[in-house]
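# Fold and geometry: a report
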Amino acid sequence: MLEIKDVHKSFGKNEILKGVSLKIDKGDVVVILGPSGSGKTTLLRIINFLERADKGHAIFDDTDVNLKTASKKQIHRIRQKVAFIFQNYNLFHNKTALENVTEGLIIGRKVPKKEAVEMGKNALDKVGLSEKYHAYPSELSGGQQQRVGIARAVALNPDIILFDEPTSALDPEWVGEVLNVMKTIAKEGTTMLVVTHEMSFAKDVANKVIFMDGGVIVEEGTPKGIFTNPKEDRTRQFLRRVLPEDYMVYI
C-alpha cells in the first residue's frame, strides 16, 4: 500500500535521514522506535509533505511520487489518503470538539455540513467522547484533546494514519485512554504508522517494529523478534535502557 524508498533529509549540515526505506501493507500496524534525534518524526512529516525530502520516493497504491519534487496536485492527492496525529493535538481552540472534527470534512473534502456532522459524531463516539461534542479544547483534558485529534483523523477515512508520539505530551494518567483508543482502531484494521516510546503498545498491538538510530533503520522485524531476540547490538543497548527490568531477561 505504501512504500518509502531511499529517503534523505538534511537541515543545514545536520543529516537527519540517510537513505531510509520501508514498506507498509494494508492493515499493518508499524511502530517506529528509537532515541530522540534518530529521524523518526522527520520521516513521518516527509510522508505527509509537512517537510520536503532532499531525495527519495514514495509509492502509494502503485503511484510513484518523488518526495523532493512532487507537485501540489500530487501532494493534495496523497493527503487525501493520509491522516496525521500530532504530539500537541493541533486543535482549533475557538472551535468545539465536533467542529474540530468536521472542519477537514467540510473544507478539505467538500462534504455537505449535515453529512459531515453525522460523520463527526460517529468518529467522536468511536473514541469515547459522545458527551463532548460541544466542548471546547480548554474544557477537555489532554487525553480528551488527543482523542479529538484521533477522531478528526478517523472521520477522514484515510488509507493510513500517521501518529507522531501521540502520548508524549500527556500527563501519565491520560496515556492509557489514548492508547486504548489506538488499540481499538488498530483492531478494526486501520493501517497505522506510529512513532512512540510506549513499548507495551509496540509489543501488544504492532505487527512490525522498526528501530531507527542516527537517521537509518538499524533493525526491523516482528515485535517478538525485536523484543526477545534483537540481532543488532545497538537495538539491544536501546532496549536495555528503555524496557522495564522484567523484560531484561529476554535481551
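Higher on the page you've got the structure.
Residues numbered from 1 in each chain as written. Predicted model: local features only at pLDDT ≥ 70, side-chain atom pairs only at ≥ 80, totals over all residues. Heavy atoms only, no water.

### A short note on the side chain of Thr 190
Mapped onto the fold, Thr 190 is located in the loop between helix H6 (172-187) and strand S8 (192-195). Within polar-contact distance, the side chain of Thr 190 engages the backbone oxygen of Ile 185 at 2.9 Å. (Helix = DSSP H or I, 4+ residues; strand = E, 2+ residues; numbered from the N terminus. Polar contact = N/O pair within 3.5 Å; in protein donor to acceptor, adjacent residues only side chain to side chain.)

### Quick look at the pattern of salt bridges
Following the criterion strictly, the structure yields 10 salt bridges and no others. Note that Asp 204 and Lys 203 form a salt bridge whose closest N and O atoms lie 4.0 Å from each other. Across the pair Arg 234 and Asp 213 runs a salt bridge whose closest N-O atoms are separated by 2.6 Å. Of the two residues, Arg 234 sits in helix H9 (residues 233-242) while Asp 213 sits in strand S9 (residues 208-213), which places them 21 residues apart along the sequence. For Asp 213, a relative accessible area of 21% corresponds to the partly exposed category. It is possible to trace a salt-bridge network through shared partners that takes in Asp 61, Lys 81 and Asp 159. (Salt bridge = Lys/Arg side-chain N within 4 Å of Asp/Glu carboxyl O. Buried < 20%, exposed > 50% of the residue type's maximum accessible area, 1.4 Å probe, protein only.)

### Examining the environment of Glu 232
Among the secondary structure elements, Glu 232 is positioned in the loop between helix H8 (223-228) and H9. Judged by relative accessible area, Glu 232 falls into the partly exposed class, the value being 37%. Along the sequence, Glu 232 and Ile 210 sit 22 residues apart, while their C-alpha atoms lie 12 Å from each other. Contact partners of Glu 232, with chain neighbours within four places excluded, come to Val 218 and Glu 219. (Contact = heavy atoms within 4.5 Å.)

### Examining the environment of Val 82
Locating Val 82 in the fold gives a position in strand S6 (residues 82-85). The exposure class assigned to Val 82 is buried, which follows from its relative accessible area of 5%. In this structure the C-alpha to C-alpha distance between Val 82 and Asn 48, which are 34 residues apart in sequence, comes to 6.9 Å. With residues near it in sequence (within four places) discarded, Val 82 still touches Asn 48, Phe 60, Pro 158, Ile 160 and Leu 162.

### Observations concerning the sheet that holds strand S2 (residues 14-24)
Here 4 strands make up an open sheet; going across it, the order is S2-S1-S4-S5 and the pairing antiparallel. Of all the strands in the sheet, the pair left with one neighbour each is S2 and strand S5 (63-66). Neighbour to neighbour, the strand axes of the sheet diverge by 20° on average, direction disregarded. Judged from the 4 bridges that link them, strand S4 (residues 55-60) and S5 form a sheet pairing that is antiparallel. Each bridged residue has a counterpart across the sheet, and for Ala 58 the counterpart in S5 is Val 65. Of the strands in this sheet, strand S1 (2-11), S2 and S4 are in contact with helix H1 (residues 40-47), which crosses S1 at around 115°. (Pairing = 2+ DSSP bridges. Axes fitted to C-alpha atoms, helices over the stretch in contact; angles between N-to-C directions.)

### A few points about the packing of aromatic side chains
A complete count under the given rule lists 2 aromatic pairs for this structure. With a centroid separation of 4.6 Å and 45° between ring planes, the pair formed by Phe 84 and Phe 86 is classed as tilted. Take Phe 84: its relative accessible area is 9%, and that puts it in the buried class. The class for Phe 86 is partly exposed, based on a relative accessible area of 22%. (Phe/Tyr/Trp six-rings, centres within 6.5 Å; stacked < 30°, edge-to-face > 60°.)

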